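# Observations on chain architecture
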Amino acid sequence: MRVVSFFNDYSEEQSCKAFFKSRRESFGMSCRNCGSVNLNWNEKESRWRCKECNFATGLK
Ligand SMILES: [Zn+2]
(Lines give C-alpha, C1' and ligand atoms only; values in the text may rest on other atoms or scores of the structure.)
Protein backbone atom coordinates (compact mmCIF):
# COMPACT_ATOMS: atom_id res chain seq x y z
CA MET A 1 0.00 0.00 0.00
CA ARG A 2 2.76 2.43 0.93
CA VAL A 3 4.72 1.46 -2.15
CA VAL A 4 1.74 2.14 -4.41
CA SER A 5 1.16 5.58 -2.91
CA PHE A 6 4.84 6.41 -3.23
CA PHE A 7 4.73 5.73 -6.95
CA ASN A 8 1.54 7.73 -7.35
CA ASP A 9 3.11 10.73 -5.64
CA TYR A 10 6.22 10.34 -7.72
CA SER A 11 4.40 10.29 -11.07
CA GLU A 12 2.27 13.25 -10.00
CA GLU A 13 5.38 15.21 -9.16
CA GLN A 14 6.90 14.27 -12.53
CA SER A 15 3.83 15.35 -14.51
CA CYS A 16 3.66 18.54 -12.47
CA LYS A 17 7.25 19.36 -13.41
CA ALA A 18 6.58 18.51 -17.04
CA PHE A 19 3.60 20.85 -16.99
CA PHE A 20 5.60 23.78 -15.62
CA LYS A 21 8.44 23.01 -17.99
CA SER A 22 6.31 23.01 -21.14
CA ARG A 23 4.42 26.11 -19.95
CA ARG A 24 7.66 28.01 -19.41
CA GLU A 25 8.99 26.86 -22.78
CA SER A 26 5.83 27.94 -24.57
CA PHE A 27 6.47 31.50 -23.33
CA GLY A 28 10.02 31.35 -24.61
CA MET A 29 12.97 30.83 -22.35
CA SER A 30 15.89 33.15 -21.90
CA CYS A 31 18.69 33.39 -19.39
CA ARG A 32 17.95 35.92 -16.67
CA ASN A 33 21.65 36.55 -16.23
CA CYS A 34 22.89 37.19 -19.78
CA GLY A 35 19.71 37.06 -21.90
CA SER A 36 20.84 34.10 -23.99
CA VAL A 37 18.16 31.80 -25.38
CA ASN A 38 20.57 28.86 -25.50
CA LEU A 39 19.36 26.96 -22.48
CA ASN A 40 19.72 23.28 -21.67
CA TRP A 41 17.11 21.47 -19.60
CA ASN A 42 18.87 19.67 -16.75
CA GLU A 43 16.69 16.72 -15.74
CA LYS A 44 18.68 16.02 -12.57
CA GLU A 45 18.36 19.55 -11.26
CA SER A 46 14.90 20.14 -12.74
CA ARG A 47 16.03 23.48 -14.07
CA TRP A 48 17.55 25.06 -17.14
CA ARG A 49 21.22 25.82 -17.47
CA CYS A 50 22.44 28.61 -19.70
CA LYS A 51 24.93 27.36 -22.28
CA GLU A 52 26.72 30.70 -22.25
CA CYS A 53 27.16 31.49 -18.56
CA ASN A 54 25.83 28.32 -16.83
CA PHE A 55 23.26 30.38 -14.94
CA ALA A 56 20.46 28.19 -13.53
CA THR A 57 16.83 29.02 -14.24
CA GLY A 58 14.28 27.19 -12.09
CA LEU A 59 10.70 26.26 -12.85
CA LYS A 60 9.15 29.02 -10.77
ZN1 LIG B 1 23.32 33.12 -19.38
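I will try to describe carefully the structure that is included in this document. Since this is a predicted model, take the numbers as computed values, not measurements.

Right, let's talk about the overall build of the chain for a bit. Within the chain one finds 1 helix and 3 strands. Of all 60 residues assigned to the chain, the portion counted as buried reaches 7%. Summarising the internal contacts of the chain: among those between residues at least 6 apart in sequence, 17% fall at separations of at least 24.

Now for the sheet that holds strand β3 (residues 56–57). The strands that make up a sheet pair up through hydrogen bonds in the backbone, lying either parallel or antiparallel. One open sheet accounts for 3 strands, arranged β1-β2-β3; its pairing is antiparallel. The open sheet has two free edges, formed respectively by β1 (39–42) and β3, since each of these has just one partner strand. With 2 bridges joining them, strand β2 (residues 47–50) and β3 adopt antiparallel strand pairing. For W48, the partnering residue across the bridge sits in β3 and is T57.

This brings us to unusual backbone geometry. In this model, S46 sits at a positive phi of 55 degrees, which is unusual for a non-glycine residue. Relative to the helices and strands, S46 is located in the loop between β1 and β2. Of note in the backbone geometry, N54 takes a positive phi value of approximately 65 degrees without being a glycine. Locating N54 in the fold gives a position in the loop between β2 and β3.

This part takes up the environment of N33. By the element assignment, N33 lies in the loop between α1 (2–27) and β1. For N33, a count of 13 C-beta atoms within 10 Å puts it in the partly exposed group. Taking the C-alpha atoms as reference points, N33 and A56, separated by 23 residues in sequence, lie 8.9 Å from one another. With residues near it in sequence (within four places) discarded, N33 still touches C50, C53 and F55.

This paragraph deals with the pairing of β1. Remember that side chains alternate between the two faces of the sheet whenever the strand is regular. Across 4 bridges, β1 lies against β2 in antiparallel orientation. When the bridges of β2 are listed, N42 appears paired with R47. If you look at the hairpin formed by β1 and β2, you'll find 4 residues sitting between the two strands, and S46 has a positive phi there, around 55 degrees.

How each quantity is defined
Residues numbered from 1 in each chain as written. Predicted model: local features only at pLDDT ≥ 70, side-chain atom pairs only at ≥ 80, totals over all residues. Helix = DSSP H or I, 4+ residues; strand = E, 2+ residues; numbered from the N terminus. Buried ≥ 20, exposed ≤ 12 C-beta atoms within 10 Å, placed from the backbone. Contact = placed C-beta atoms within 7 Å. Pairing = 2+ DSSP bridges.

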